Amino acid sequence: MFRRDKNARTSDGPVTEEAIRAWMVDYLVDKLSVDPSAVDTSQAFEDYGLDSRAGIQMCGKLEKFVELRLSPALLYEHSSIDAVAAHLGRRLAEEHGH
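Since the model is a prediction, treat every value here as computed from it, not as a measurement.

Caption draft 1: Representation of the pattern of salt bridges within the structure. Per the stated rule, a full pass over the model turns up 4 salt bridges. A salt bridge links Asp-82 to Arg-21; the nearest nitrogen and oxygen atoms lie 2.8 Å apart. Of this pair, Asp-82 sits in helix H4 (residues 81–95) while Arg-21 sits in helix H1 (residues 17–32); the two residues are 61 residues apart in sequence, bridging distant segments of the chain. Judged by relative accessible area, Arg-21 falls into the buried class, the value being 13%. One network of salt bridges, in which partners are shared, links Glu-17, Glu-18, Arg-21 and Asp-82.

Written out as structure tokens, the structure reads:
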């Protein structure tokens, strides 16, 4: 179960793919008032009823969490939590030379 403060950053290094996944699950749980166990990280965002406005809002908050500039179309280019987390995990690893 993912139960982390969605605004918490790890103090000992960059945000990981797993931390991004957990943040996104927590965000959907808060936004949609669903049980964390009901969130399938491989399911498309549109299956959760996330419209473009909600997607852009989520992207803006995620941008602050990962401390990277993100495209407003991120959730459409990468249509699931797993896809976004993998993409941003790779991006962060490249930025930090891993």
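From this point, the narrative continues.
Caption draft 2: Seen up close, the environment of Trp-23. In this fold, Trp-23 is placed in helix H1. Residue classification places Trp-23 among the buried positions, given a relative accessible area of 3%. A C-alpha to C-alpha distance of 9.9 Å links Trp-23 and Val-66, two positions 43 residues apart in sequence.

Conventions used here
- Residues numbered from 1 in each chain as written.
- Predicted model: local features only at pLDDT ≥ 70, side-chain atom pairs only at ≥ 80, totals over all residues.
- Heavy atoms only, no water.
- Salt bridge = Lys/Arg side-chain N within 4 Å of Asp/Glu carboxyl O.
- Helix = DSSP H or I, 4+ residues; strand = E, 2+ residues; numbered from the N terminus.
- Buried < 20%, exposed > 50% of the residue type's maximum accessible area, 1.4 Å probe, protein only.

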